[in-house]
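So you can see what is in the structure, the chains are spelled out below.
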Amino acid sequence: MTHYPHLLAPLDLGFTTLKNRVLMGSMHTGLEETKDWNRVAEFYAERARGGVALIVTGGMAPSKEGGVFPGAAGLFNDQDIANHKVITDRVHDAGGKIAMQILHAGRYAYGPECVSASAIKSPISPFPPKELDEEGIEKQIQDFVTATVRAREAGYDGVEIMGSEGYFLNQFLVTHVNKRTDRWGGSYENRMRLPVEVVRRCREAVGEDFIIIYRLSMIDLIPNGSTHEEVVMLAKAVEEAGATIINTGIGWHEARIPTIATSVPRRAFAWVTKKLMGKVGIPVITSNRINMPDVAEDVLAEGCADMVSMARPFLADADFVNKAAEGKAALIAPCIGCNQACLDHTFGGKLTSCLVNPRACHETDLQVEPAEKARKIAVVGAGPAGLSTALTASQRGHEVTLIDRADKLGGQLNVAKQIPGKEEFWGLVDWYEAMVEASDIEVKLSTSATADDLAGYDEVIIATGIVPRDPGIPGSDRPEVLSYLDVLRDKKPVGKRVAVIGAGGIGFDVSEFLVHEGESLTENLPEWMKEWGVGDPEETRGGLAPEGPQPHAAAREVTLMQRKAKALGKGLGKTTGWIHRAALKMKNVQMMGGVNYEKIDDAGLHISFGETRENPQVIEVDNVVICAGQLPERSLADALEAKGVSCHVIGGADVAAELDAKRAINQGTRLAASL
Ligand code: FAD
Ligand code: NAP
Ligand code: SF4
């Protein structure tokens, strides 16, 4: 008897059957642009072997002007078709099915050739689009049709027509981008003519036995977005035009409401998809922040959708579905929604990967193979660097001993998980515990390793992490001055008025911790929606609450400071930094740059500004919390070196500057793969 009867049930589409209810959603990985088709094929084939029913590729441009950026991949000629055949053959050999996403970016295309319904620039692009004339619109439709026909020639089982997230087809639907007065603008019937026509013509061109998924924006989260009534009209018309499945899109890229970040509650938008259930006759897929099989099962069991789409979870673990089916859900590496190695890489022009799984998109170059000779390996430090080394080395057949002076595994992840909005870190630590439990690793907790303890091993790995930096501010030995560890780990009491020194990732996180009280909003969907101003698209256009965001009162008055004169939070994640900044602004956190910390005394924190130390002032506070960066904890590595014992130093113990779990895990995994 399976634990996930809804998730693992097949779905009969008439001409073909999907083996379960799991779709791997589209992700731009950058792999296609490497032009290493074996590598692209292995990425998808590994996921197909892992049991997912249907994969959707990253978006392929139907035309040069519709590409997300100049040179974006697409099926433009016979060679492209042959290249993609490598992918589809490999996925089919692995027992999977794969559809190609056709993504026309419209005014989101990063180039001067971009086109849209009207010549209105998007707030997130520097390029104003050209307004299409009748002939131009016909060309775009024909491009979708050509791409669909070529996808079929390349062996794809179907296509997904991208109609959400504010891309081209979505742009025609709403009046704030579509100002046309011809048959493509004006009434909603006219505005939806283009997406419906695209689906109709694509279906006509490929016949009945080819999957056409239409990704439909069910809650735009922008001013003057679609209403639920319009969503239903479009869904019905798209079904009538020949779509096989409707997938859910949530929010335009320009929306100022987070939709997939880790602080968004799990399954936060399944209720939106549920509104469409029963109103169309074809299967409906839901998506966003569904990352574990029990969440997916509940969503399906509650009738929110016929299928679930998960994208990033398949970067974290290619074997997601097989592990769920085998009753090994605890061993599924969780996607923690951090975006650090996926979307942040994409937007930084780097190849996608995954913080918890550095093999994602590196299937062909990062192999974990049985070691030629098993060795005795000691790993000191069970933070992410040490854990990833120990697990990978053990998988390769080495005899591993993992030592930590703390009484639990996880290192600083146990501190990170205290932050409201970072609840997914609990799951990450649980996963490490389950993986270590299922391995042959010998674990020694509450054990402080010394250089003498490490004699007799073939390899010694030092992953001892960091020590917080003491900025040496006069008065920092006073009792009201706390470190972030005092606050987050040791739960020392903190007063109502707080100055936070240092505005890196930890300074922002500590501020978030201090302004919240009680249950985290990430654990309470109605309250989270109120905080960010999410409404019901049945009652309000685009699903924006008419009263706007209604932030809960801040628990403390917090002043967050840095010495650099630039705006605070510039170093945070590309796709998540704005959320941290907005969240703290909603709580009236005062942000100050260009600060000199003069001293701390009975009056409070004395500061001045700039090189000339102008505008001196005292911030009256109950506590000062120091978050001034970290230094490597190298005492053990130095002691070993002094004894002439060679060791590998990784993670924070190696370089503390700009350290994060992504680097720690990547370094540990790669080291262990090479031992
Ligand atoms: P650590 O995690 O510090 O682990 C080192 C381990 O070594 C510890 O368990 C320690 O007890 C042990 N140890 C030290 N000396 C000895 C000894 N002599 N004997 C035995 N054991 C020893 N990173 C992200 O990527 N994303 C985030 O969102 C994020 N948020 C964070 C939020 C907070 C509040 C904090 C504090 C950190 C956050 N980080 C985040 C940073 C991330 O947790 C660290 O970069 C990462 O944990 C470093 O890994 P590490 O294995 O090198 O060291
Ligand atoms: P950090 O990002 O390097 O920030 C350190 C802060 O302290 C900066 O604001 C810095 O700004 C200030 N500072 C440095 N030296 C100082 C000194 N001598 N006196 C006073 N202030 C000083 O480090 P962190 O915040 O400690 O975070 C540690 C690591 O954890 C980071 O590298 C980060 O990647 C990771 N992390 C990531 C996330 C995430 O969401 N991805 C969240 C938390 C932590 P000024 O020099 O301008 O004062
Ligand atoms: Fe998920 Fe983070 Fe991995 Fe992206 S990098 S897939 S968000 S765990």
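The structure under discussion appears in the preceding block.
Keep in mind that what you see is a predicted model, and the values were worked out from it rather than measured.

Caption draft 1: Representation of helix 10 (residues 293-301) in the model. When helix 10 is considered as a whole, its buried residues turn out to be Pro293, Val295, Ala296, Glu297, Val299 and Leu300. Against the buried residues of helix 10 lie helix 9 (270-274), strand 11 (285-286), strand 12 (307-310) and helix 12 (320-325).

Caption draft 2: Examining the environment of alanine 301 more closely. Positionally, alanine 301 belongs in helix 10. Remark: the alpha-carbon pair of alanine 301 and tyrosine 4, spanning 297 residues in sequence, is separated by 9.4 Å.

Caption draft 3: Expanded view of the site of ligand 3. Neighbouring ligand 3 are the residues Arg312, Leu315, Cys335, Ile336, Gly337, Cys338, Asn339, Ala341, Cys342, Cys354 and Leu355. If you map ligand 3 onto the pockets, it falls in the largest cavity. Split by residue class, the shell around ligand 3 holds 8 nonpolar, 2 polar and 1 charged.

Caption draft 4: Just empty space enclosed by the protein, in detail. One pass over the full model with this rule turns up 1 cavity of 30 Å³ or more. Considering only enclosed or pocket space, the largest cavity measures out at about 90 Å³ in volume. Lining the largest cavity we find 15 residues, and of these Cys335, Cys338, Cys342, Cys354 and Leu355 sit closest to its centre. Split by residue class, the lining of the largest cavity holds 10 nonpolar, 4 polar and 1 charged.

Caption draft 5: Region of the structure containing the sheet that holds strand 20 (residues 557-561). Judged by pairing direction, the sheet is parallel, and its 5 strands sit side by side in the order 18-25-19-20-21 without closing on themselves. The open sheet is flanked by strand 18 (481-483) and strand 21 (590-592), the only strands paired with a single partner. Neighbour-to-neighbour, the strand axes of this sheet turn through a mean angle of 20°, independent of strand direction. Where strand 20 lies against strand 21, 3 bridges are found, and the strand directions are parallel. By the bridge assignment, threonine 559 is partnered in strand 21 with glutamine 590. Taken strand by strand, helix 18 (residues 505-515) contacts strand 19 (497-501), strand 20, strand 21 and strand 25 (623-626), and its axis lies near 175° from that of strand 20.

Caption draft 6: Representation of the packing of aromatic side chains within the structure. Inspection of every chain in the model, using the stated rule, returns 7 aromatic pairs. Plain terms: the ring middles of tyrosine 110 and phenylalanine 127 are 5.1 Å apart, the flat faces sit at 90° to each other, and that makes the pair edge-to-face. Of this pair, tyrosine 110 sits in the loop between strand 5 (97-102) and strand 6 (115-116) while phenylalanine 127 sits in the loop between strand 6 and strand 7 (130-131), placing them 17 residues apart in sequence. With relative accessibility at 47%, the residue tyrosine 110 sits in the partly exposed group. Positioned above the aromatic ring of tyrosine 457 is the side chain of lysine 376, whose terminal nitrogen or guanidinium carbon lies 5.1 Å from the ring centre. The ring of tryptophan 426 carries the charged tip of lysine 417 above its face, separated from the ring centre by 4.0 Å.

Caption draft 7: Focus on the sheet that holds strand 12. Overall, parallel pairing links the 8 strands, which are arranged 10-9-8-5-4-3-12-11 in an open sheet. Only two strands of the sheet have a single partner each, and these edge strands are strand 10 (245-250) and strand 11. With 6 bridges connecting them, strand 9 (residues 211-219) and strand 10 associate as parallel partners. Each bridged residue has a counterpart across the sheet, and for serine 217 the counterpart in strand 10 is glycine 249. Where helix 2 (residues 37-49) meets the sheet, its contacts fall on strand 3 (22-24), strand 4 (54-60) and strand 5, and the angle it forms with strand 4 comes to roughly 155°.

What counts and what doesn't
Residues numbered from 1 in each chain as written. Chains lettered and ligands numbered in written order. Predicted model: local features only at pLDDT ≥ 70, side-chain atom pairs only at ≥ 80, totals over all residues. Heavy atoms only, no water. Buried < 20%, exposed > 50% of the residue type's maximum accessible area, 1.4 Å probe, protein only. Helix = DSSP H or I, 4+ residues; strand = E, 2+ residues; numbered from the N terminus. Contact = heavy atoms within 4.5 Å. Near = heavy atom within 4 Å. 1 Å grid on protein atoms, 1.4 Å probe; cavity = no way out; pocket = protein on both sides within 12 Å on 5 of 7 lines; lining within 4 Å. Sits in = over half its atoms within 2 Å of the grid points. Nonpolar A, V, L, I, M, F, W, Y, C, P; charged D, E, K, R; others polar. Points joined across faces, edges and corners; volume = space filled by probe spheres on them. Pairing = 2+ DSSP bridges. Axes fitted to C-alpha atoms, helices over the stretch in contact; angles between N-to-C directions. Phe/Tyr/Trp six-rings, centres within 6.5 Å; stacked < 30°, edge-to-face > 60°. Lys NZ or Arg CZ within 6 Å of the ring centre and 35° of its normal.

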